[in-house]
Amino acid sequence: MRLVGLTGGIASGKSTVSNLFKAHGIPVVDADIVARDVLKKGTGGWKKVVAAFGEEILQPDGEIDRPRLGQIVFTDPGKRQLLNRLMAPYISSGILWQIFKLWMKGFKVIVLDIPLLFEAKMDKWTKPIIVVWVDPETQLRHLMARDRSSEEEARNRINAQMSLDLKRSKADIVITNTGSLDELNEEFRRVLFEVTRPLTWTEFWLSRQGALSVLVSIIVGVVFCRKIFGSHDL
């Protein structure tokens, strides 16, 4: 099984690349979706976050007001670190569960779409690591247009993350998203070819097919040994 790490920065185009993988039949585990699930009303994550940040972050229906929580943590590094510490165990467990379900279905290549891939130290479990990179000016412009936010708000959110240049230096594959959508599609085709190349032997043995092969080999070996030793007993 090949676990591909996909990361980038806010408004870098990572979600577009993630959707391209899905469109080509490659399953994607989206950490943002997992994070939303573990923050739903009544869950363990919800209880931890409400206890730490107070009921003022709740909507009238009791669900967490994510934009409100975002405003709090993106302007206060201490609170952002607190939120990450509270959420990390729940998000990690959710990601592992999604991987297991896809493994059971027999998928050999799984993309992990994780914005905090390096910060959460999950990069050590993924190979290759893909970083979607965009220049700072384009990133700022895209974020302001997407969220209809002020330049100060957009800069605060960008500065709250590891810089894209640093992420790029840690990547195995870099997708440069500074051009048109057609150019991005062309880059993606190159990456897709690399990601879907034949599995290494190590990756194969980690796949469900590999595990079944090992199991079958063990069963055959046990049966063979029983026959050999059984005939000697006679």
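Located above this text is the structure these notes cover.
These numbers were taken from a predicted model, which means no experiment stands behind them. Per chain, residue numbering runs from 1 following the sequence as it is written. Side-chain atom pairs in this predicted model are given and counted only at pLDDT of 80 or more, local residue features only at pLDDT of at least 70, and totals for whole chains, interfaces and linings cover all residues. Derived side-chain values reflect all non-hydrogen atoms in the structure, with water molecules and hydrogen atoms excluded from consideration.

Enquirer: When you look at the pairing of strand 4 (residues 129-133) in this model, what are you seeing that I'm missing?
Expert: For a regular strand, side chains alternate in direction, first toward one face of the sheet and then toward the other. Burial within strand 4 is extensive, with five of its five residues counted as buried. Relative to strand 4, strand 1 (residues 2-8) is paired through four bridges, and the arrangement is parallel. Bridge pairing links Leu6 to Ile130 in strand 4. Pairing of strand 4 with strand 5 (residues 173-176) involves four bridges; the strand directions are parallel. Bridged to Trp133 within strand 5 is Thr176. We call a residue buried when its accessible area falls under 20% of the maximum for its residue type, exposed when it is over 50%, and partly exposed in between, using a 1.4 Å probe and counting protein chains only. Labels follow the DSSP assignment, with helices taken as runs of H or I lasting at least four residues and strands as runs of E lasting at least two, numbered in each case from the N terminus. Strands were regarded as paired on the criterion that DSSP finds at least two bridges between them.

Enquirer: It is not clear to me how a nonpolar patch on the surface should be interpreted in this structure. Could you clarify?
Expert: A cluster of nonpolar residues, Trp97, Phe100 and Met104, forms a patch on the protein surface that exposes about 330 Å² of accessible area. Note that Phe100 resides in helix 5 (residues 77-104). Patches here: salt-bridge-free residues with over 30% relative accessible area, like charges joined within 9 Å, nonpolar side chains (Val, Leu, Ile, Met, Phe, Trp, Tyr) joined within 5 Å. Computed with a 1.4 Å probe, the accessible areas rest on the Shrake-Rupley method; for each residue, only the protein chains presented here act as cover. Salt bridges, as used here, are contacts in which a Lys or Arg side-chain nitrogen is within 4 Å of a carboxyl oxygen on Asp or Glu.

Enquirer: Explain the nonpolar core here, please?
Expert: Most often, soluble globular proteins have nonpolar side chains that are buried together. For this analysis, a nonpolar core means a set of buried residues of the types Ala, Val, Leu, Ile, Met, Phe, Trp, Tyr and Cys, connected via side-chain atoms within 4.5 Å. Counting 31 residues, the largest nonpolar core has Val49, Phe53, Ile64, Leu69, Ile95, Ile99 and Ile110 as its most contacted members. Contributions of two or more residues to this core are made by helix 2 (31-37), helix 3 (44-53), helix 4 (66-74), helix 5, strand 3 (109-113) and strand 4. We call two residues in contact whenever any of their non-hydrogen atoms come within 4.5 Å of each other. The contact partners of Val49, leaving out residues within four places of it in the chain, are Leu39, Gly54, Ile57, Ile64, Leu69, Leu83, Leu86 and Met87. Of all hydrophobic cores here, the second largest spans 18 residues; its members include Val4, Ile26, Leu184 and Val191.

Enquirer: Please explain the layout of surface pockets as it appears in this structure.
Expert: Rolled over the atoms, a probe as big as a water molecule pinpoints where empty space is left. A pocket here means an open set of points on a 1 Å grid, computed over the protein atoms alone, that has protein on both sides within 12 Å along at least five of seven lines. A cavity is instead a set of points where a 1.4 Å probe fits but cannot get out; residues with an atom within 4 Å of a point line either one. Grid points are joined across faces, edges and corners, and a volume is the space filled by probe spheres set on the points. Here the second largest pocket defines a volume of roughly 280 Å³. Considering the residues around the second largest pocket, the lining is formed by 16 residues, among which Pro136, Gln139, Ile158, Asn159 and Leu164 are closest to the centre.

Enquirer: What exactly am I supposed to notice about the environment of Leu164 here?
Expert: Note that Leu164 resides in helix 8 (residues 164-170). With 31 residues separating them along the chain, Leu164 and Trp133 place their C-alpha atoms 6.2 Å apart. Ignoring anything within four residues of it in the chain, the contact list for Leu164 reads Gly8, Gly9, Ser12, Val132, Trp133, Val134 and Gln139.

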